[in-house]
Amino acid sequence: MTTKKAPGNDRPARNPPPKKRAATIALAALAGAVAGGVFLGVAELAALLVAREASPIVAVGSFVVDVVPRWAKELAIQLFGSDDKLFLVASVGAAALVAAALAGMLELRWRWTGVALFGVAGVAAVAAAVTRADASPAAFLPPAAGAAAGAAVLTVAVSLLRRWRVAGAEPSSGVDRRRFLVLTSAAALGAVVAGVGARLGSAATSSVAAVRSALRLPAPASRLTVPAGAELGIPGLSPLFTPNRDFYRVDTALAVPSIDPAAWRLTVDGMVEKRVELGFDDLLRLGLDEYAVTLTCVSNEVGGNLVGTARWLGVPVRDVLAMARPRPGADMVLSRSIDGFTASTPLEALTSADRDAILAVGMNGEPLPLEHGFPVRMVVPGLYGYVSATKWLTALKVTTFAADQAYWTPRGYSAKAPIKLSSRIDTPRVDRPLAAGPTKIAGVAWAQTVGIGRVEVQIDGGDWQEAELSAPVNRDTWVQWSLDWDATAGSHTLAVRATDRAGRLQEQKRTPIAPNGSTGWQQTFVRVS
Ligand SMILES: Nc1nc2c(c(=O)[nH]1)N[C@H]1C(S)=C(S)[C@@H](COP(=O)(O)O)O[C@H]1N2
Ligand SMILES: [Mo]
């Protein structure tokens, strides 16, 4: 029998009018999203209390970082630069809320299915948290507590919703409505307060930041001498030493690892005569010296800014390796960070007497900034960061390229990667207006371990003109260059190329950053008015 009803007749409660049904589903989605927020907020709070490294967003985000294909990583860096991490965290958070809203709708339709989905998400988040390299034994707790709290809010909120909207004819409906609204708004508020509070609290009480500020490093036994004329001092030109706050940052760490120097240990093992373990003070006792080295990222595009120079304070890696005595046959050192990142560096680059590979503890006159590897990182002149500059260093394993692979090797980058000779135009820039008249074209050029011999500039496709070079600090740091130019009104093309001290000309052919660094001469366009 069909149920034909007169207009205005109440439909059966199980089959409400489409508009009301849609509104109910939307409310279920909202309840789900709020429960998802509770999941994340409670987990952040629990992480602050028991296991800081185990924030589910960070753990899941880190998992994503480790598994995304190379093109996705490159795209993210290209689109968001140093904000790529922020973007990733925001995406993981947004995806979690969308999934939670779906769980709310499922829960409305089929009881316990939404809760089950929260359970699955909880298990996944626990798995992501406990498998991080720096996970503590309590790492399972924050995601587990978050999932439990979220699931509880979800099931209660959705059953209230069901009683209010679906069994709407009953007299208790008003009570259920009130309860639903109170529960969801209180839970939403609680989630935001817990989540934001925990994040702020975590930043404010990071004890390692306080330890770092209080740390006084011993004075270096030898100081760097910077020759007169090392700094050309041209407006718009990169300074010889890149201030720490402007120094590029590239790593896979979504949350900056915090290591208390008092607890820091470095182990040296693998193909060695004697396994060595050092604490922070043991390292300092080996004696600190000052070094100037230009660090470069393999992801630096032609003309890019993933390059910087610092005065590093540190201990030669060869001194530490000598204590362990590498065995014949070894050709690589796999350096490991507390967060699981590894780099493969040719043993020879670390033991050679004429290359200043160091374990650095200081950067530009202060302890290493937390983001740059506090308390100890490697710095090796002439090798891209991903094969040498391990931050938050905890272990050196003497091994072979045949036996071990570093983090980026199976992800599409070469196991060995010397930095390619390159040059960059800093000023004038395409995005800055330039007035006609005498000006300077200026930039930097680097050829670590060899040194820059010559830089040439080409204006509007004309003859290559030799630029003036700053006095080099050493072979391992960039030099500044400049060329006087009488700029005339109109559009101009500028190009730069360098030659190293061995007479090798910078590669003209454009190649992409993968697998071992970009090549090509930089060209810019400027409009002069
Ligand atoms: N622990 C750790 N160390 C790391 C990385 C990383 O992802 N994790 N990235 C490397 C890369 S790719 C580069 S280019 C340099 C960058 O160092 P910076 O961030 O201090 O400039 O660090 C290297 N050391
Ligand atoms: Mo890098």
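Going by the structure above, here's the rest.
Residues numbered from 1 in each chain as written. Chains lettered and ligands numbered in written order. Predicted model: local features only at pLDDT ≥ 70, side-chain atom pairs only at ≥ 80, totals over all residues. Heavy atoms only, no water.

Concerning the site of ligand 1
So, step 1. Close to ligand 1 lie 19 residues, the nearest being Tyr248, Thr252, His372, Arg377 and Lys391.
So, step 2. A distance of 2.7 Å separates an oxygen atom of ligand 1 from a polar atom in the backbone of Tyr248.
So, step 3. At a separation of 2.7 Å, an oxygen atom of ligand 1 approaches a polar side-chain atom of Arg377.
So, step 4. Surface burial for ligand 1 is 99%, taken as the share of its 520 Å² of free accessible area covered by protein chains.
So, step 5. Its residues assigned to classes, the shell around ligand 1 shows nine nonpolar, five polar and five charged. (Near = heavy atom within 4 Å. Polar contact = N/O pair within 3.5 Å; in protein donor to acceptor, adjacent residues only side chain to side chain. Areas by Shrake-Rupley, 256 points an atom, 1.4 Å probe, with all protein chains shown as cover. Nonpolar A, V, L, I, M, F, W, Y, C, P; charged D, E, K, R; others polar.)

Here's the deal with the packing of aromatic side chains
So, step 1. If you walk through the whole model with that rule in mind, you get 11 aromatic pairs.
So, step 2. Counting every residue linked through ring pairs, the aromatic cluster contains Phe341, Tyr386, Tyr407, Trp408 and Tyr413.
So, step 3. When the ring centre of Trp408 is taken as reference, the NZ or CZ atom of Lys73 above it lies at 4.5 Å.
So, step 4. When the ring centre of Trp464 is taken as reference, the NZ or CZ atom of Arg497 above it lies at 4.2 Å. (Phe/Tyr/Trp six-rings, centres within 6.5 Å; stacked < 30°, edge-to-face > 60°. Lys NZ or Arg CZ within 6 Å of the ring centre and 35° of its normal.)

With respect to the side chain of Gln448
So, step 1. With respect to the helices and strands, the residue Gln448 is situated in the loop between β12 (437–446) and β13 (452–459).
So, step 2. A relative accessible area of 5% means that Gln448 is categorised as buried.
So, step 3. A polar atom in the side chain of Gln448 sits 2.8 Å from the backbone oxygen of Thr294.
So, step 4. Dropping the residues within four chain positions of it, Gln448 is found in contact with Thr294, Thr296, Pro381, Gly382, Ile419, Arg475 and Asp476. (Helix = DSSP H or I, 4+ residues; strand = E, 2+ residues; numbered from the N terminus. Buried < 20%, exposed > 50% of the residue type's maximum accessible area, 1.4 Å probe, protein only. Contact = heavy atoms within 4.5 Å.)

A word on unusual backbone geometry
So, step 1. Backbone torsion omega between Thr427 and Pro428 reads 0°, so that peptide bond is classified as cis.
So, step 2. Note on placement: Pro428 falls in the loop between β11 (422–427) and β12.
So, step 3. Put simply, Ala514 and Pro515 share a cis peptide bond, and its omega is 5°.
So, step 4. Within the secondary structure, Pro515 sits in the loop between β17 (490–500) and β18 (522–528).
So, step 5. Within the chain, Trp392 stands out as a residue other than glycine whose phi angle is a positive 50°.
So, step 6. With respect to the helices, strands and loops of the structure, Trp392 is situated in the loop between β9 (377–379) and β10 (393–399).
So, step 7. Among the residues examined, Trp392 registers a relative accessible area of 2% and is labelled buried.
So, step 8. The phi angle at Thr449 is positive, at roughly 75°, despite the residue not being glycine.
So, step 9. Structurally, Thr449 can be placed in the loop between β12 and β13.

With respect to the pattern of salt bridges
It is possible for side chains of opposite charge to pair when their charged atoms get near one another.
So, step 1. Tallied over the full model, the rule gives 19 salt bridges.
So, step 2. Linking Glu366 and Arg212 is a salt bridge whose minimum nitrogen-to-oxygen distance equals 2.6 Å. Of this pair, Glu366 sits in strand β8 (residues 366–367) while Arg212 sits in helix α8 (residues 207–214), and the two are 154 residues apart along the sequence.
So, step 3. A relative accessible area of 34% places Glu366 in the partly exposed class.
So, step 4. Accessibility expressed as a relative area gives 16% for Arg212, which makes it buried.
So, step 5. Here Asp431 makes a salt bridge to Arg429, at a shortest N to O gap of 2.8 Å.
So, step 6. What makes Arg429 partly exposed here is its relative accessible area of 36%. (Salt bridge = Lys/Arg side-chain N within 4 Å of Asp/Glu carboxyl O.)

Things to note about empty space enclosed by the protein
So, step 1. Tallied over the entire structure, the rule returns one cavity of 30 Å³ or more.
So, step 2. Within this model, the largest cavity holds a volume of roughly 80 Å³.
So, step 3. Forming the boundary of the largest cavity are Thr296, Cys297, Val298, Asn300, Glu301, Val302, Tyr384, Lys420, Ser422, Trp446, Gly517 and Ser518.
So, step 4. Its residues assigned to classes, the lining of the largest cavity comprises five nonpolar, five polar and two charged. (1 Å grid on protein atoms, 1.4 Å probe; cavity = no way out; pocket = protein on both sides within 12 Å on 5 of 7 lines; lining within 4 Å. Points joined across faces, edges and corners; volume = space filled by probe spheres on them.)

Quick notes on the packing of helix α1 (residues 18–50) against helix α7 (residues 173–204)
So, step 1. Contact geometry for α1 and α7: axes closest at 8 Å, N-to-C directions at 30°. Of the possible angle classes, the one that applies to α1 and α7 is roughly parallel. When the axes of α1 and α7 are compared, the crossing they make is left-handed. On the side of α1, the interface is formed by Leu27, Ala31, Val34, Gly37, Val38, Gly41, Glu44, Leu45 and Leu48, while α7 contributes Phe180, Thr184, Ala187, Ala188, Ala191, Ala194, Gly195, Ala198, Arg199, Gly201 and Ser202.
So, step 2. Residues of the contact of α1 with α7, tallied by class, amount to 12 nonpolar, six polar and two charged. (Axes fitted to C-alpha atoms, helices over the stretch in contact; angles between N-to-C directions. Parallel < 35°, antiparallel > 145°, perpendicular 65-115°, else oblique. Left-handed = near helix turned anticlockwise from the far one by under 90°.)

Comments concerning the pairing of strand β4 (residues 307–316)
Consecutive side chains along a regular strand alternate between the two faces of the sheet.
So, step 1. By the criterion of burial, β4 is predominantly enclosed, with nine of the 10 residues buried.
So, step 2. Sheet topology note: the strand β3 (residues 289–296)/β4 ladder contains eight bridges and is antiparallel. Paired with Asp289 across the strands is Gly314, a residue of β4.
So, step 3. Here five bridges tie β4 to strand β7 (residues 358–363), and the two strands are oriented antiparallel to one another. Of the residues in β7, the one forming a bridge with Trp312 is Met363. (Pairing = 2+ DSSP bridges.)

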